[in-house]
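Each chain, letter by letter, is given below.
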Amino acid sequence: MANHDLYSLLETDASASNEDLKRNYRRLARQYHPDANPGDAEAEAKFKEISQAYEILSDPDRRSHYDRFGSDMNGQQGFDAGSAQDLFDMFFQGFGGGGGGARRAGPQPGPDAEVNLSITLHEAAFGVNHEITLTLPVGCATCEGRGAAPGSDVTRCGTCGGAGQVRRVRNSMLGQMVTTGPCDDCSGMGTKITSPCADCRGEGRKTEQKSITVKVPAGIEHGSALRMSNLGPAGMRGAPNGTLYVRILVEEDERFERHGDDLHHEATISFPQAVFGATIPVPTLEEDEALSVPAGSTHGTILRIRDKGVPHMRGRGRGDLYIHLALAVPTELDETAEKLLRDYAAARGDEIQESTQGFFNRRKTGKK
Ligand SMILES: [Zn+2]
Ligand SMILES: [Zn+2]
């Protein structure tokens, strides 16, 4: 503590009342508490500093010693385990109690797992039930997840009282800190078994194949994950299963491009169809539809077919299907068609190349 002014750590000065110190400490402790700043070592160090400053200044004897000599009377190792623990307890009560919230007594639940599931656009649009087979830890049937051989006992660990966790007091530069870690005696299980189950070697779980039916909802998007709680890898000795995330991969569809719940399809039309209009067949997610192309359409004209897109995942209704018209230029013409086209160009006065006879002939015979 020697390098810091204890009052400024608590954002006040030597005139502060006990109430001021307490109020500031609680405010700062909430701000820098490890639970509020997961993985932030700087916040954790700050939290320890302010806790220790408050520890000293909230004690009238130690405060007056500090006021007179500018140091704590016990030097840097200013705390006994009891008082540091009181601080933690007070703090956790301030947060609504329970002891920080993250800890769980006994064996740890299974980890989360993620698998990919590929489906077609049609399946994504209308939903599907897919059975997937996974190889993962599942509860051991022989010992029913207890880890103990059938007929043998499971007893509570005396060292940790069944919690699986023990508190340790360690000395650090900033004083004594209380940390919580797994109990060595029972490896964090909270229980002890004298005769481990032979099938799972006492784990209460073993790796097996498991089939799961995944209900894919209609309208799901590529890349979204379905959360299947309690269907992930089994925990140790009867602890809950982890969560299984099924990531949905929607295969490319050569007919449609999807944007949100709308679909886009490119349909080719000929020049006369663009000029005069036509009724052409276009694909939808269901059966083909007859689309009326109006006279005077051009390359790039977009026509909409309502409610033929992907059904909305939330709420009713569907997206739309957009047909993008593409003007096809013929690369093969028979003699009649070629003559008509040349006559058409002549009627319009279009300048065209005199003879492409060779070009069309080569295309027909397949030579380059
Ligand atoms: Zn077993
Ligand atoms: Zn234990």
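These numbers were taken from a predicted model, which means no experiment stands behind them. Chains are numbered independently. Their residues run from 1 in the order of the written sequence. Key to labels: chains lettered from A, ligands numbered from 1, both in the order written. Only residues with pLDDT of at least 70 are given local features in this predicted model, and only at 80 or more are side-chain atom pairs given and counted; all residues enter the totals for whole chains, interfaces and linings.

Here a helix means four or more residues in a row that DSSP labels H or I, a strand means two or more in a row labelled E, and each is numbered from the N terminus. A tally of regular secondary structure across the chain gives nine helices and 15 strands. Residues are scored as being in contact if the C-beta atoms we place from backbone atoms lie within 7 Å. Long-range pairs, those at least 24 residues apart, make up 65% of the contacts in the chain between residues at least 6 apart in sequence.

Let's shift gears to the pairing of strand 4 (residues 165-172). Here the C-beta atoms are placed from the backbone, and a residue counts as buried if at least 20 other C-beta atoms lie within 10 Å of its own, exposed if 12 or fewer do, and partly exposed otherwise. When you tally the buried positions in strand 4, you get zero out of eight residues, a small fraction of the element. Inspection of the sheet shows strand 4 paired to strand 5 (residues 175-182) by eight bridges, in the antiparallel sense. From the neighbouring strand, Arg-167 faces strand 5, where its bridge partner is Thr-180. When DSSP finds at least two bridges between two strands, those strands are taken to pair.

Moving on: unusual backbone geometry. The phi torsion at Glu-11 lies on the positive side, around 55°, for a residue other than glycine. You can see Glu-11 is positioned in the loop between helix 1 (6-9) and helix 2 (18-32). In this model, Ser-187 sits at a positive phi of 55°, which is unusual for a non-glycine residue. One can find Ser-187 in the loop between strand 5 and strand 6 (191-193). Judged by the 14 C-beta atoms lying within 10 Å of it, Ser-187 falls in the partly exposed class.

Compared with an ideal rise of 1.5 Å per residue, which puts 14 residues at 20 Å, helix 8 (residues 335-348) spans 20 Å between its outermost C-alpha atoms and is within 8% of the ideal. Counting buried positions along helix 8 yields zero of 14 residues, so the element is predominantly exposed. Looking one or two places after helix 8, you find Gly-349, whose phi comes out positive at around 80°. Multiplying 1.5 Å by the helix residue count minus one yields the expected span of that helix.

Our focus in this paragraph is the sheet that holds strand 14 (residues 302-305). A sheet is described by the order of its strands in space; here four strands give the open sequence 10-11-15-14, paired in mixed fashion. On the outer flanks of this sheet lie strand 10 (257-259) and strand 14, each paired with one strand and no other. With strand direction ignored, the average angle separating the axes of adjacent strands in the sheet is 30°. Bridge count between strand 10 and strand 11 (residues 262-269): three bridges; the pairing is antiparallel. Paired with His-259 across the bridge in strand 11 is Asp-262. To obtain each axis, a line is fitted to C-alpha atoms, and for helices this fit is confined to the stretch in contact; angles are then taken between N-to-C directions over 0 to 180 degrees.

Keep in mind these numbers describe shape, not what the thing actually does.
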